[in-house]
There are 2 protein chains.
Amino acid sequence: MTASEVRSLFAVASRPEVVSLAGGMPNISGLPMDVVGSLLNNLIEKRGLTALQYGSGQGDPRLREQICEVMSATGVRGHPDDVTVTVGSQQALDLVTRIFIDPGDVILAEAPSYVGALSTFRSYQAEVVHVEMDDEGLIPDRLREAIRAVNASGRRIKFLYTIPSYHNPAGVTLPAERRTEILRICRQEDLLIIEDDPYGLLGFDGEVPRAMRADDDEGVVYLGSFSKTFAPGFRVGWTLAPHAVREKLVLAAESSVLCPPTFSQLAVSEYLSGYDWRGQVKAFRELYRERRDAMLGALSDLMPEGTHWTHPSGGFYVWLTLPEGLDTKAMLPRAVTNRVAYVPGTAFYADGFGSRSMRLSYCYPTPERIREGVRRLAQVVEQEVELRTAFGASTSSRRPGLDAPAPDQS
Amino acid sequence: MTASEVRSLFAVASRPEVVSLAGGMPNISGLPMDVVGSLLNNLIEKRGLTALQYGSGQGDPRLREQICEVMSATGVRGHPDDVTVTVGSQQALDLVTRIFIDPGDVILAEAPSYVGALSTFRSYQAEVVHVEMDDEGLIPDRLREAIRAVNASGRRIKFLYTIPSYHNPAGVTLPAERRTEILRICRQEDLLIIEDDPYGLLGFDGEVPRAMRADDDEGVVYLGSFSKTFAPGFRVGWTLAPHAVREKLVLAAESSVLCPPTFSQLAVSEYLSGYDWRGQVKAFRELYRERRDAMLGALSDLMPEGTHWTHPSGGFYVWLTLPEGLDTKAMLPRAVTNRVAYVPGTAFYADGFGSRSMRLSYCYPTPERIREGVRRLAQVVEQEVELRTAFGASTSSRRPGLDAPAPDQS
C-alpha cells in the first residue's frame, strides 16, 4: 500500500459515519486543556525570548534531563548528553537510517512492522528482511536463522529494528527472557538494535516492561516519544544513543532541521515539571484498557470461526488474521461501504505478505463505537467467507499477486 | 569549518563579554509577548484537540492559504495545494536535496552561499559548484560559464540554489533585470531554480523585491520561512513547488517527520490572523535598519584601508573582505580574545575559498554593541596588517591550505 493509498483511505475513513479502526491517533480528549493553556501562557510570559528563538541541534538541556527521568521508568539509565531530541520519533528513525544505511543494506524487522519505519527504510533503499513473531513477539530462533541466511547471501545487515513493547501493529509484547536472548544474539553477531518504544508506559496492568536498552548501553539505540504519553501535536521524540552514534545524529539533525522546535520542547518540559504527567499516563492507560476490552470482547462475541487475533496487554492495536483465502486489501472497499475501516496487513510488510491480516486500532473511538465497528467488520468478513464457500475461491483471487498467504500468521 | 567547529565557536562567542557578530539569530525582543501568550492560550482553549493532535504531512490547509497571502507580497501567486509546510526552511532544503540529488550530482550555488544549505548538500554527497557574485548578486555570465564547464565535464547539474534577496552571507540583492536574465538562462538550460527567500520582506527601504518564482511557475521551487518575520522557535517554513515536485516533497516529508508540528502551525496561523503581522514586519525592518546603519557607519569609521564590505539594503548580514594575505579563520581566536566574534568566510564555500572574508551579522546586538564590536574587530585587523607588514607574510601562512586567495573577492 503506497502512502497515497493510505491517504485516500484516511480521507474516506474520516467521514463521520465510518467507524475508523484504521488510524493510530492517540486519544487526547482526557488532557487537561486548561492546565496546558495556562502552562503555555506562562512559558511565553516568563521565557518567551528563549521559547521563540532557535535552540541547539541536540535539544534543550533541561528537557534532555527530564527525558532521562521519563526513561528511568523503563529501567533505562541514560545521560542527558547521550539524548538527542527529534521531531517526533519518526525523525529519529529517519536520522538513524540516514546514518547507517547505504542502498542495498539489510535491516531486520519484525513481521509485521511499523508502516512509518518501513517507508523510511524504503526511502533510503534499505532491504527489509522480516523475522517471524508469535504471540510473544520476535522469535529468537527465527532471528538466528535470518542472520545466517542474510550473511550467507553476502548482504550486510546494519541493524535489527524492533518494537518490543505493545507492538505496532501486532499488539504483542516480548517477555523478559526473550529480550535477554535477543540481546545475547545481537551481541554475538555484533548487530546494533534500534529499540522503538513509544508505547512502553502504556501497559494495562500498570507494569512497565524493562527496555532492552536498560541491559545494554552500547548495543542499543533507544527511541522514545511524547506523542502517546502527552500529545503528538508538539512532535517531540528522542533517541538515547551510544556516544559515537549520538554525535552523528546531532550532525544529521542539524543538517535536516537545524534544531527541533524550541517552543515544542519547552512546552513538553513545562508540562513534565508543572503537571502530574504520571497521573495523566495512568488515566491514558485506563482509557485505552477500556477500549481494548471493548474490542476484544466484541471480537470474541462476533467474529466468525477461523478468524484469530492478538491480545494486547498495552498500546493501541490488535492484529487480526482472517480465514485462509481472504484478502484484507481486496475486502477494504466493502468494509468502508459497510462503514468500518482498518489498515490491510500488507502495509506492514516490505515484501507483500500479510494479505490475510489487518491492523485494528482501539485507541481513538469510544467503546460503543468500537463494538459497532467490530459488528460491521464481522458482517463483512462473514459475507466474504460465505462468498468463498459458495464460489469455492477467494473473492480476491481476481487480484493476482496480492493474496499470497502470510506464513508468519499460519 | 566543520559543524563542530561552528559549535565551539558559538560556545565561546556566547560569553556575555564577547560581542557576537557571528550568529544569525533574529532579534525577537520586539515581539508582543502578551499577545502571543494569549493567542496560544485561546488556541488551546478553542482548538486544543486539533492543535495537540497529528496533522497532515502537507501541513494545515488554512495555514497554507495564509502562506499564499504572505507570498503575494513578493508577487508570487501560489495555490495552497502547491504549498508544503516544513520544519523551518532548513527541512525544505533537506527534502528538496533528498528528492533531486544522487551522489556526485552538481548543485550550482552563489559564491559564497548559506552554510546550512552547503551542509545539507554535502550530506547528500552533492558537488557544489560556486558561481561568482558581485555587489548585485549572481553574475549571469558567470552562471552561463559554470553551466558550460560542468556540462563539458560530463557531470549532471540538478539545480541552481540561490538567495536573490538580502543574501546570506553576502548581504547583496539581485536586481530585477538580472532575475529575468537568470530565469531565461535556466529555462534555456532546463535547469530548476531553488529560490530561498527567508529575508524577502525585510528590505530597509520598504520595497519587497519581486520573487523569481513570481515570473516562473514551473521552473522555480520557492522556499519561505516564518523564522525571520515572526519567530524561529516554532520552526515553520514552507515550499511552493510545481505539482509533481510537491507530491514528492509531501511523501519525503511524511517519511522524515510524519507531519510538521501541528501546534506550531496553528500558532503561526493564529498569529497571522489575530495580529497585525505586517506592522510587526515593519517594526523588524526598522530595528534591523538601525543596526545595519550602526554597522556600516562603524565599518566606514574604523576599518583600515584595503578592507571592503557589502552594503545590504535588507536582511541580516555584511560580507567583509580583508586585505590580501590575511586569513579570517586563523585570525578568529585573536578576535575572540579581543571579545568579538564573526564567522570566517570559508564556512560559506564548499571548496575552501573565502579565507580573506567573514560574515558579520548585525541582527542581534544593540547598535552600541555593534559599534563596540566593530571597534574591537578593527583593532584586530590592524594588528594583523601590522604583523604582516613587519614580517612580510601572512600571520596565517603557517596554516598551509587554508589561506588560498578568494578569486571571487579579488
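Residues numbered from 1 in each chain as written. Chains lettered and ligands numbered in written order. Predicted model: local features only at pLDDT ≥ 70, side-chain atom pairs only at ≥ 80, totals over all residues. Heavy atoms only, no water.

## Brief notes about the overall build of chain A
Okay, so step 1: Scanning chain A for helices and strands turns up twelve helices and 14 strands.
Okay, so step 2: For 410 residues, the compact-globule estimate of 2.2 N^0.38 gives 22 Å, and the C-alpha radius of gyration of chain A, at 21 Å, lies within 12% of that figure.
Okay, so step 3: With respect to the principal axes defined by its C-alpha atoms, chain A has extents near 70 × 55 × 35 Å.
Okay, so step 4: Residues counted as buried form 63% of the 410 residues belonging to chain A.
Okay, so step 5: Taking all contacts inside chain A whose residues are at least 6 apart in sequence as the whole, residues at least 24 apart take part in 76%.
Okay, so step 6: When the accessible surface of chain A is summed, it comes to about 15100 Å², and 49% of that surface belongs to carbon and sulfur atoms.
Okay, so step 7: The positive charge centre, built from 43 side chains, and the negative charge centre, built from 52, are 3 Å apart in chain A. (Helix = DSSP H or I, 4+ residues; strand = E, 2+ residues; numbered from the N terminus. Rg over C-alpha atoms; globule rule 2.2 N^0.38 Å. Buried < 20%, exposed > 50% of the residue type's maximum accessible area, 1.4 Å probe, protein only. Contact = heavy atoms within 4.5 Å. Areas by Shrake-Rupley, 256 points an atom, 1.4 Å probe, with all protein chains shown as cover. Lys, Arg positive; Asp, Glu negative; His and termini not counted. Charge placed at Lys NZ, Arg CZ, Asp CG, Glu CD.)

## Comments concerning the interface of chain A and chain B
Okay, so step 1: With 52 residues of chain A at the contact, the number on the chain B side is 52 residues.
Okay, so step 2: Both sides of the chain A and chain B interface together cover about 4000 Å² of buried area, and 63% of this is carbon and sulfur.
Okay, so step 3: A per-residue breakdown of the area chain A buries against chain B is headed by A:Leu52, A:Gln53 and A:Tyr54, which together make up 17% of the total.
Okay, so step 4: Connecting chain A to chain B are two salt bridges.
Okay, so step 5: Put simply, A:Arg98 and B:Asp94 hold a salt bridge, and the shortest N to O gap is 3.0 Å.
Okay, so step 6: Scanning the region where chain A abuts chain B turns up 26 residue pairs in polar contact (both at pLDDT 80 or more).
Okay, so step 7: Residue assignment for the side of chain A that touches chain B shows that the elements contributing at least two residues are helix 1 (3–13), helix 2 (33–51), helix 4 (88–100), helix 5 (115–123), helix 8 (243–257) and helix 9 (262–274) of chain A. (Buried area = accessible area lost by both parts, 1.4 Å probe. Salt bridge = Lys/Arg side-chain N within 4 Å of Asp/Glu carboxyl O. Polar contact = N/O pair within 3.5 Å; in protein donor to acceptor, adjacent residues only side chain to side chain.)

## Details of the sheet that holds strand 8 (residues 220–225) of chain A
All names here are of chain A.
Okay, so step 1: Read across the sheet, eight strands follow the order 2-9-8-7-6-3-4-5 without closing on themselves; strand pairing throughout is mixed. Both outer strands of the open sheet, strand 2 (83–87) and strand 5 (137–138), are each paired with one neighbouring strand and no more.
Okay, so step 2: Looking at chain direction, strand 8 and strand 9 (residues 236–240) are connected through four bridges and run antiparallel. Bridge pairing in strand 9 places Tyr222 opposite Leu240. (Pairing = 2+ DSSP bridges.)

## Describing the UniProt feature "domain: Aminotransferase class I/classII large" (unreviewed entry) in chain A
Okay, so step 1: Per the UniProt entry, the sites bearing "domain: Aminotransferase class I/classII large" (unreviewed entry) are residues 48–377 of chain A in this numbering.
Okay, so step 2: Taken end to end, residues 48–377 of chain A has its terminal C-alpha atoms 50 Å apart, with 42% of it in helix and 18% in strand. (UniProt positions renumbered as here; feature names shortened; annotations may be inferred.)

## Examining unusual backbone geometry
Okay, so step 1: Following A:Ala111, the chain continues to A:Pro112 via a peptide bond in cis, the omega torsion being 0°.
Okay, so step 2: Positionally, A:Pro112 belongs in the loop between strand 3 (106–111) and helix 5.
Okay, so step 3: Following B:Asn168, the chain continues to B:Pro169 via a peptide bond in cis, the omega torsion being 10°.
Okay, so step 4: Although it is not a glycine, A:Asp190 sits at a positive phi angle of roughly 55°.
Okay, so step 5: Within the element layout of this structure, A:Asp190 appears in the loop between helix 7 (176–188) and strand 7 (192–196).
Okay, so step 6: With a phi angle near 55°, B:Arg235 is a residue other than glycine that sits in the positive phi range.
Okay, so step 7: With respect to the helices and strands, B:Arg235 occurs in the loop between strand 8 (220–225) and strand 9 (236–240).

## Brief notes about the pairing of strand 6 (residues 157–162) of chain B
Looking along a regular strand, one sees side chains alternate from face to face of the sheet.
Residue and element names in this part refer to chain B.
Okay, so step 1: In terms of residue burial, strand 6 counts as a mostly covered element, since six of its six residues are buried.
Okay, so step 2: Alignment of strand 3 (residues 106–111) against strand 6, held across four bridges, turns out to be parallel. In the strand pairing of strand 6, Leu108 is matched with Leu160.
Okay, so step 3: Bridge count between strand 6 and strand 7 (residues 192–196): four bridges; the pairing is parallel. Pairing of Tyr161 across the sheet is with Ile194, part of strand 7.
Okay, so step 4: On the question of chirality, the crossover connecting strand 6 to the parallel strand 7 by way of helix 7 (residues 176–188) is right-handed. (Right-handed = clockwise from strand over helix to strand, strands pointing away.)

## So, the nonpolar core
Okay, so step 1: Ranked by size, the top nonpolar core spans 172 residues in total, and within it A:Phe263 and B:Phe263 carry the most contacts.
Okay, so step 2: Not counting residues within four places of it along the chain, the set of residues in contact with A:Phe263 comprises A:Leu40, A:Leu43, A:Ile44, A:Ala51, A:Leu52, B:Leu40, B:Gly233, B:Phe234 and B:Phe263.
Okay, so step 3: Of all hydrophobic cores here, the second largest spans 52 residues; its members include A:Ile194, A:Leu223, B:Phe159 and B:Ala252. (Core = buried A, V, L, I, M, F, W, Y, C linked by side-chain atoms within 4.5 Å.)

## Some words on the relation of the copies chain A and chain B
Okay, so step 1: With an RMSD of 0.0 Å, the operation that places chain A on chain B is a rotation of 180° combined with a shift of 0.0 Å along the axis. What we have between these two chains is a two-fold relation. Residue A:Asn41, judged by its C-alpha, is the member of chain A lying nearest the rotation axis, at 2.9 Å.
Okay, so step 2: Same-surface contact between copies: 100% of interface residues of chain A are shared with the interface of chain B. (Least-squares fit on C-alpha atoms with pLDDT ≥ 70 in both.)

## Some points on the domain arrangement of chain A
Residue and element names in this part refer to chain A.
Okay, so step 1: According to the domain assignment, chain A consists of domain 1 (5–30 + 279–389) and domain 2 (54–274).
Okay, so step 2: Just the C-alpha atoms count here: the centres of domain 1 and domain 2 sit 26 Å apart.
Okay, so step 3: Between domain 1 and domain 2, the residue contacts involve 26 residues of the former and 31 residues of the latter.
Okay, so step 4: Approximately 2300 Å² of surface area, both sides summed, lies buried where domain 1 meets domain 2, with 65% of it carried by carbon and sulfur atoms.
Okay, so step 5: For the pair domain 1 and domain 2, the interface holds zero salt bridges.
Okay, so step 6: In this structure, the connection of domain 1 to domain 2 is made through nine residue pairs in polar contact (both at pLDDT 80 or more).
Okay, so step 7: Those elements giving two or more residues to the side of domain 1 that touches domain 2 turn out to be helix 10 (277–302) and strand 11 (317–321).
Okay, so step 8: Residues belonging to the side of domain 1 that touches domain 2 are distributed by class as follows: 15 nonpolar, six polar and five charged. (Domains from an automatic or database assignment. Nonpolar A, V, L, I, M, F, W, Y, C, P; charged D, E, K, R; others polar.)

## Focus on the confidence of the model for chain A
Okay, so step 1: In the predicted model, chain A carries a mean pLDDT of 93, and the fraction of residues at 70 or more is 93%.
Okay, so step 2: This model gives residues 395–410 of chain A a pLDDT under 50, and the stretch forms 32 contacts once residues within four places in sequence are excluded. (pLDDT = per-residue confidence, 0-100.)

## With respect to the packing of helix 4 (residues 88–100) of chain B against helix 8 (residues 243–257) of chain B
All names here are of chain B.
Okay, so step 1: Contact geometry for helix 4 and helix 8: axes closest at 9 Å, N-to-C directions at 110°. Overall, the two elements helix 4 and helix 8 adopt an arrangement that is roughly perpendicular. Like other packed secondary-structure pairs, helix 4 and helix 8 cross with a definite hand, here right-handed. On the side of helix 4, the interface is formed by Gln91, Leu95, Val96, Arg98, Ile99 and Phe100, while helix 8 contributes Val245, Lys248, Leu249, Ala252, Ala253, Ser255, Ser256 and Val257. (Axes fitted to C-alpha atoms, helices over the stretch in contact; angles between N-to-C directions. Parallel < 35°, antiparallel > 145°, perpendicular 65-115°, else oblique. Left-handed = near helix turned anticlockwise from the far one by under 90°.)

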